[in-house]
Each structure stands twice: as structure tokens, then as C-alpha cells.
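Here's the letter readout for the chains.
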Amino acid sequence: NLRTVRRPFFWRPKERRGGRIESDMQKSAHGWRREKFVSSCFSSSCPSVFGGPERRSQKGGIFDELSPQTIQVQLKSSERNRRSVRRAVSDYMHEYCVREVATSDSNSVEQTLDFTHAKSMIESIKFNTLNYSPEILERVCEEMFFRFQLDLGLNIRRSSITVFISDVRRKMFDNPYHNWFHVVDVTQTVFYFARKSGMLNCMTTKERLALFLAAVCHDLEHPGVSNQFFVSHAAKHSNGKSTVCLEQHHSSKACQLLSNFVGSGLLDGLAQGDRQEVMQGVHRLILATDMSRHTDYCKRLEALIQARSAAECTGQNPLSFSPEDKQLVFELLLKGADVSNVVKPYITARAWAERVTREFFRQGDLEAALGLAVSPGCDRRATDCARVQVGFSGFIAPFFRALARLFPRLATLPANLDRNRARWAAAE
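Basis of the calculations
- Residues numbered from 1 in each chain as written.
- Predicted model: local features only at pLDDT ≥ 70, side-chain atom pairs only at ≥ 80, totals over all residues.
- Heavy atoms only, no water.
- Helix = DSSP H or I, 4+ residues; strand = E, 2+ residues; numbered from the N terminus.
- Buried < 20%, exposed > 50% of the residue type's maximum accessible area, 1.4 Å probe, protein only.
- Contact = heavy atoms within 4.5 Å.
- Areas by Shrake-Rupley, 256 points an atom, 1.4 Å probe, with all protein chains shown as cover.
- Phe/Tyr/Trp six-rings, centres within 6.5 Å; stacked < 30°, edge-to-face > 60°.
- Axes fitted to C-alpha atoms, helices over the stretch in contact; angles between N-to-C directions.
- Parallel < 35°, antiparallel > 145°, perpendicular 65-115°, else oblique.
- Left-handed = near helix turned anticlockwise from the far one by under 90°.
- Nonpolar A, V, L, I, M, F, W, Y, C, P; charged D, E, K, R; others polar.
- Salt bridge = Lys/Arg side-chain N within 4 Å of Asp/Glu carboxyl O.
- Core = buried A, V, L, I, M, F, W, Y, C linked by side-chain atoms within 4.5 Å.
- Expected span 1.5 Å × (residues − 1).

Draft legend 1. Structural detail: the overall build of the protein. Per the secondary structure count, the protein includes 15 helices and four strands. A total of 428 residues make up the protein; the buried ones form 54% of that total. Partitioning the intrachain contacts of the protein with sequence separation of at least 6 by distance along the chain shows that 77% fall at a separation of at least 24. Summing over all exposed atoms, the protein offers an accessible surface of approximately 18700 Å²; the carbon and sulfur share of this is 48%.

Next comes the structure, spelled out in C-alpha cells:
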């Protein structure tokens, strides 16, 4: 079995801390960026400071969970200490980081296959990013750039793509779920959706470029907690409404990163107007992954299906969309790819389900320790992986069924979802 380390949210390494966290990531850079982002999300007027636990962990200690019953959370109101929120939270989460042994059915098969195998699986729904190393996945992203046929007409240097993808990887935090593996998984899945549905052949070069860039950057610098965490924190400590939207943050970071590549050969093949159009497309596509807009997208998808049914009765091409409808379709494809783990083969779906559940529970532990209301699905004492998956599968199933009605060639998606949900229900 492999021994892995789950590095906690807000993790910031310090020399004075005891113990040793093993990692192949750039720990200092990751910890600093994560802390900087989270500290900017906390209200500057909040005077509360999260105190340390009553019992400190010993060097090499293993903790199964962060129990509010055994940890004293001290909230202080001193104005002079309000700027210490991020440091106190960082200390707490470091002391109570969780070490776990990977089971043979989840992580033991990770990072064992080579790039040749990855290339052969790129156009398959069975592609599983957890089987490859991060370095191979960088090459996979480069390969998908050419599968999107973005090397035609844009005069993009391959070296620019290599550097861009490496920069994205370095900006991804080492979360259990929202990490570099998830980025490549979504990018490959949206390519599969576009190709299988037939939309890839109907897209212009600018549309393909925007979809590729949005997929690669859709979770840039994700902190490992949901929007609800920041809403709960603002309600408790700021007596106001949180203005944090992670999707806005990802989009902003994506545009900032792309702007750094102006003049390097990445977007230089586009005219100024076309470049702005691509950037706007990336922004809209990333915002489409916000789950708070899920109901709205389901309604728009149903309306699009009805409009296409009426158009087909008049003999129009079923893949002929207006510019507005095409943009909606691209947003639907990326949105579906972002939550596509439930429609993958069960062995892949299970591995991702275990990862997202660990990330949910870690958020729930932090919320409980901070005295916040634990977000739905994040309380390890009230639910488990199977229950979370059964609930989410039932919630997202209507979306994939509607997507399969719009594109009949994607009919395997809801079928896989139903099989997976049945297996999770049997495991409850």
C-alpha cells in the first residue's frame, strides 16, 4: 500500500513546527498562496481569532477526525489580534493534519501508466487521470491542445503551451479533490463530450480555444472549501453577506495568468478584438461551473431542447445553433464535465467519490471547529461516502438525462449514472 499525506486546508509550513509533512509539491509557495487567498476572503472588520486546540498533537500522531467535543475553540475579540486569523487557523489545521494509509482499491493503482497508454485513452470515457503521474498529465494536456486542433491557424508556439500548462499545475493546491488531477480530468471529459456530441466539428477555432482554456483554468487556486463556507463565516463574524464567489476568483486568476502570456506566443496569433472575445468566453464558461446556478441552467437546457425539437421538425440541422445557443451549449458541456465523475465507470467514480468526500469532511471539521454551521454533506458524523453519492447522483441525474436528449450520442452518461447510483444505494 502507498502511504499518503492529506495536507490540511490553510496549510502553511513553518520551521518552528514539529513533525514532518512529506510532499513532492512546492510546499512553501502553495501554503503562502493559499493563506493569502483565504485571508483576503475573511472580512477585515472581523475581530475574532481562532484559538488553538486544548491538546496538541505529538510528533507523528495520527488523528482520525477533528472532533469539536475534544477540541476547545477559543474566539477572542481583541482588535489587535484580528489579523492573526489566518495564522491561528493554519496552526490548528497543521497540528491536526490527517495521515492515512491508502487502500488497495483507491490509490494503489495511481501513477503507474505511461504517456503512450494515456494517449490511447484520451478519447474514451474510461480515461482516469488518477492512473498517471502529474508530469504525464501535463503532456496529456498538451496532447489535448492538439486534439482540439488549436495548432491550426493560431500560430501558437508549443513552448508557450508547455509553460502555460506547467504554470496552471503549480497554481493548483494539493487538495484531496480540487487539484491538478481534477483539472486534467475535466479537460479530457469536456473534450470527450464535445467530440462525442458532434459539437467539436461545429466550433470555430476561437470557440475551441476558449473551451480548452476555461477547462484548464476552471478551478485555478481552489482553496478546498465551497462557497458555503465563506457565506457561513461572513454571517457569523461580519453580520453581513459574503461577497466571495470561488468561480469569480478562478476566472480572475485565469485572466490574470493569460494576460501574463501576451507577447509570449500563446494568444499572439489573435487580433486584439478576437483576444478579448476569447477572454470573455473563458470568463463566461468558468462562471457556468457555479452550482448555485444549476437550476437556471437546467431550465435553459429544457428550453433549448424544445427549441431544437421544433427546428428539427422543419428539417434544420440538429447541430445548427445560433451564436447565443452555441455559447449555452459550451457552458453546459463544461458544467457537465465538472461534475462528470458520477457518469464515469464505477471504479473511476468510486475513486473520485472517496476523494471528494474526504474534502467535504475536512471542510465540515473546520466549520465545526470554528463554530459555524456544518455545510450539507460535510458532517462525517451524520453521513458517509455512499449517502453523499446517492444524494448527489439523484440531484444531478435530470441534468445528464436532458443533456442526453439534446445529444443522443451521450446516452451512455445517464445509463452509467443509474448503474453507479444503484451500487452506492446497495452499499448504504
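Having seen it, we continue.
Draft legend 2. Region of interest: the packing of aromatic side chains. According to the stated counting rule, one finds 13 aromatic pairs in the structure shown. Taken together, a centroid distance of 5.4 Å and an interplanar angle of 15° make the contact between Phe-127 and Tyr-132 stacked. Like Tyr-132, Phe-127 is buried. Between Phe-164 and Phe-261, the aromatic rings sit 5.5 Å apart at their centres with planes inclined by 85°, giving edge-to-face as the arrangement. Here Phe-164 is found in helix α5 (residues 158-171), whereas its partner Phe-261 is found in the loop between α9 (246-260) and α10 (272-287), with 97 residues between them in sequence.

Draft legend 3. Focus on the side chain of Lys-326. With respect to the helices, strands and loops of the structure, Lys-326 is situated in helix α12 (residues 323-338). A relative accessible area of 12% places Lys-326 in the buried class. With sequence-adjacent residues up to four places away left out, Lys-326 is seen in contact with Cys-202, Met-203, Glu-207 and Phe-321.

Draft legend 4. Summary view of the packing of helix α4 (residues 134-147) against helix α6 (residues 180-197). Where α4 contacts α6, the two axes come as close as 10 Å, and the packing angle between them is 25°. In terms of axis orientation, α4 runs roughly parallel to α6. For the pair α4 and α6, the crossing hand works out as left-handed. The residues of α6 that touch α4, namely those facing Pro-134, Leu-137, Glu-138, Val-140, Cys-141, Met-144 and Arg-147, are Trp-180, Phe-181, Val-184, Thr-187, Gln-188 and Phe-191. A class-by-class count of the residues in the contact of α4 with α6 yields nine nonpolar, two polar and two charged.

Draft legend 5. Molecular detail of the environment of Ala-118. Assignment of secondary structure puts Ala-118 in helix α3 (residues 115-121). Ala-118 sits in the buried class, given a relative accessible area of 0%. For the pair Ala-118 and Glu-143, spaced 25 residues apart in sequence, the C-alpha to C-alpha distance is 9.8 Å. Discounting chain neighbours no more than four positions away, the residues touching Ala-118 are Phe-127, Tyr-132, Ile-136 and Val-140.

Draft legend 6. Fine view of the pattern of salt bridges. Here the structure, examined in full by the defined rule, presents 18 salt bridges. With a closest N to O distance of 3.6 Å, Glu-331 and Arg-284 form a salt bridge. Of the two residues, Glu-331 is situated in helix α12 and Arg-284 in helix α10; the sequence distance between them amounts to 47 residues. By relative accessible area, Glu-331 is classed as buried at 3%. Here Arg-284 falls in the partly exposed class, since its relative accessible area comes to 43%. Two residues, Glu-302 and Arg-405, come together in a salt bridge whose shortest N-O distance is 3.2 Å. Note that Glu-302 is positioned in helix α11 (residues 294-313) and Arg-405 in helix α14 (residues 385-406), a separation of 103 residues in sequence. By relative accessible area, Arg-405 is classed as partly exposed at 49%.

Draft legend 7. Expanded view of the nonpolar core. Residues Val-140, Phe-164, Trp-180, Leu-213 and Phe-400 are the most contacted members of the largest nonpolar core, which totals 88 residues. Per-element tally for this core: the top contributor is α6, with 10 residues. By size, the runner-up hydrophobic cluster in this structure holds eight residues, among which are Val-225, Phe-229, Leu-370 and Leu-372.

Draft legend 8. Structural view of the packing of α9 against α10. Look at α9 against α10: their axes get within 9 Å of each other, and the N-to-C directions meet at 155°. As summarised for this structure, α9 and α10 are arranged roughly antiparallel, according to the angle between their axes. The hand of the α9/α10 crossing is right-handed. Between α9 and α10, the residues in contact are Glu-247, Gln-248, His-250, Ser-251, Ala-254, Cys-255, Leu-258 and Ser-259 and Met-279, His-283, Ile-286 and Leu-287, respectively. Residues belonging to the contact of α9 with α10 are distributed by class as follows: six nonpolar, five polar and one charged.

Draft legend 9. Summary view of helix α13 (residues 346-369). The end-to-end C-alpha distance of α13, which contains 24 residues, comes to 34 Å, matching closely the 34 Å that a straight helix rising 1.5 Å per residue would cover. When you tally the buried positions in α13, you get 20 out of 24 residues, the bulk of the element.

Draft legend 10. Structural view of α4. The terminal C-alpha atoms of α4 lie 20 Å apart, and with 14 residues this matches the ideal 20 Å at 1.5 Å per residue to within 8%. Of all 14 residues in α4, 10 are buried; the element is thus mostly enclosed. The complete set of buried residues in α4 reads Pro-134, Ile-136, Leu-137, Glu-138, Val-140, Cys-141, Glu-142, Glu-143, Met-144 and Phe-145. Where α4 is buried, its residues contact α3, α5, α6 and α7 (205-217). Positive backbone phi, approximately 60°, marks Gln-149, located one or two places after α4.

Draft legend 11. Just unusual backbone geometry, in detail. You will see that Gln-149, though not glycine, has its phi angle at about 60°, which is positive. By the element assignment, Gln-149 lies in the loop between α4 and α5. Among the residues examined, Gln-149 registers a relative accessible area of 37% and is labelled partly exposed. Here Glu-221, not a glycine, exhibits a phi torsion of approximately 60°, which is positive. The topology assignment puts Glu-221 in the loop between α7 and α8 (227-237).

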